[in-house]
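So the chains spell out like this:
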Amino acid sequence: APISGEHLISEAVIEILRGDGNFTASGLPWLEAGETKALAPKNLTANCLCRRHNSALSPLDAAAKIFFAGLRDCLESSEAVLPYLLSGHDVERWLLKTLKAMAVSGSLAQGRVKLPGAFERGVDIIRMLEHVDEWPEATGLYFIMPTGSQLINHTRFQLQPWYGDAQKELVGLWSNFLGLEFVMMIAAPNVLQSPGLKNWLYRPSAIDVLIGKSKRQIGLSWQDGRLHRPIQVTFEKLVTSTASKGTDS
């Protein structure tokens, strides 16, 4: 105690995504179905963290800022981009923090109907936020787009809660970062019941964006003793002045 205000999506990330325009949101329970509304960062806060944890977890917000700034640079900059390097565990933990804040604040919804905010029993959120080695086997970030998929770069950050079989407890989070799709599993998945899991790329080592003969890279480091492979996105053509189309492999 005391409980303090927390941005549901880090203010630094909002500022990066909004660029020179407005930040708009949709899918929140207090918005009409299909309604999109321009919001100031202060309107996306909730009293859901104690001050001690708010302060202790602030480095995760800094990591998210670097990650999204790097993505925008790699996908949109017309000039050479220096490589980025950050901890993949920090990106995972930032997503977990974001999901927890949205769940506690009652911000998960479908249409205007609030969705359950309970996490699967046995998922120790605090320990997973504080210690990267407390994540159970096979949990973490997966890149889920098949090889050869086409994407259009857009300044969107999309979230969708992922529920277990009974559709009552949270086990993960689907997300879209500027056109790239990921799933973060926070409860150990049943590999036998999820055969498609083997086709997902677990904890990518990097996001490589190939534009002509140049390569832009965001490196992601992991402390799990595994061998990790990169995501490769190849620029194909300019769709608009602010959007680009790519193919991942």
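### A closer look at the overall build of the chain
- Helices and strands together make up the secondary structure of the chain, namely 5 helices and 17 strands.
- Here the C-alpha radius of gyration of the chain, 18 Å, is about what a compact globule of 249 residues would show, namely 18 Å.
- The principal-axis extents of the C-alpha atoms in the chain amount to approximately 50 × 45 × 35 Å.
- Out of the 249 residues belonging to the chain, those deemed buried represent 48%.
- Sequence separation of at least 24 residues holds for 68% of the intrachain contacts in the chain that already meet a minimum separation of 6.
- By element, 50% of the accessible surface of the chain is carried by carbon and sulfur atoms, the whole surface being about 12,900 Å².
- The chain carries 25 positive and 25 negative side-chain charges, and their two centres are separated by 3 Å.

### What about the sheet that holds strand β8 (residues 140-143)?
- Spatially, the 5 strands line up as an open sheet ordered β10-β11-β12-β8-β13, and their pairing is antiparallel. Unpaired on one side and paired on the other, β10 (157-163) and β13 (201-202) mark the two borders of the sheet.
- Here strand β11 (residues 170-177) pairs with strand β12 (residues 180-185) via 6 bridges, running antiparallel. Bridge assignment links F177 to a residue of β12, and that residue is L180.

### Quick look at helix α4 (residues 88-104)
- The terminal C-alpha atoms of α4 lie 24 Å apart, and with 17 residues this matches the ideal 24 Å at 1.5 Å per residue to within 8%.
- Most of α4 is tucked away, with 15 of its 17 residues classed as buried.
- You can read the cap of α4 off the contacts: a side-chain oxygen lies 3.2 Å from the backbone nitrogen of H89, and it is on S87.
- Positive phi appears at G106, one or two residues downstream of α4, with a value of about 70°.

### Focus on the pattern of salt bridges
- Across all of its chains, the model carries 8 salt bridges by this definition.
- Ionic pairing is found between D90 and R93, a salt bridge with its closest N-O pair at 2.6 Å. Taken together, the residues D90 and R93, both in helix α4 and 3 residues apart, mark about one turn of the helix.
- Under the relative-accessibility criterion, R93 is labelled buried at 13%.
- With a shortest N-O distance of 2.7 Å, E169 and R121 are connected by a salt bridge.

### Considerations on the environment of A109
- For A109, the position within the fold is in strand β6 (residues 109-110).
- What makes A109 buried here is its relative accessible area of 18%.

### What to know about the packing of aromatic side chains
- Scanning the entire structure with this criterion turns up 12 aromatic pairs.
- Ring centres 5.8 Å apart and planes at 25° place the aromatic pair F157 and F177 in the stacked group. With F157 in strand β10 and F177 in strand β11, this pair connects stretches of sequence that are 20 residues apart. This pair shows no difference in class: F157 is buried, exactly as F177 is.

### Quick look at the environment of A101
- Within the secondary structure, A101 sits in helix α4.
- C-alpha separation for the pair A101 and A46, spaced 55 residues apart in sequence, amounts to 7.6 Å.

### Comments concerning the side chain of R93
- For R93, the side chain forms a polar contact with the main-chain oxygen of L129, separated by 2.8 Å.
- Residues within four places of R93 in sequence aside, it is in contact with L60, M128, L129, E130, H131, V132 and W135.

Here is what the cut-offs are and how they apply
- Here the residue numbers are simple positions, counted from 1 along each chain's written sequence.
- Note on the predicted model: pLDDT of at least 70 is required for a residue's local features to be given, and 80 or more for side-chain atom pairs to be given and counted; whole-chain, interface and lining totals, by contrast, use all residues.
- Hydrogens are left out, water is left out, and the side-chain values use all remaining heavy atoms of the structure.
- Numbering goes from the N terminus for both helices and strands, where a helix is a DSSP run of H or I of at least four residues and a strand is a run of E of at least two.
- All radius of gyration figures rest on C-alpha atoms, and the globule criterion is 2.2 Å times the number of residues raised to 0.38.
- Think of it in three bands: residues with accessible area under 20% of the maximum for their type are buried, residues over 50% are exposed, and the middle band is partly exposed, with areas taken using a 1.4 Å probe on protein chains only.
- Should any heavy atoms of two residues lie within 4.5 Å, those residues are considered in contact.
- We get accessible surface area from the Shrake-Rupley algorithm with a probe of 1.4 Å; when it comes to residues, only the shown protein chains can shield them.
- Only four residue types enter the charge count, namely Lys and Arg as positive and Asp and Glu as negative; His and the chain termini do not.
- For charged residues, the charge sits on one atom: NZ in Lys, CZ in Arg, CG in Asp, CD in Glu.
- Two strands are counted as paired when DSSP detects at least two bridges linking them.
- Working rule for helices: expected span equals 1.5 Å times residues minus one.
- Within 3.5 Å is the distance limit for a polar contact, defined as a pair of N or O atoms, with the added protein rule that one can donate a hydrogen and the other accept it, and that residues adjacent in sequence qualify only through two side-chain atoms.
- One side-chain nitrogen of Lys or Arg within 4 Å of one carboxyl oxygen of Asp or Glu is enough to make a salt bridge.
- Stacked, edge-to-face and tilted are the three classes for Phe, Tyr and Trp ring pairs, Trp counted by its six-membered ring, which pair at centre distances within 6.5 Å; planes under 30 degrees apart are stacked, over 60 edge-to-face, the rest tilted.

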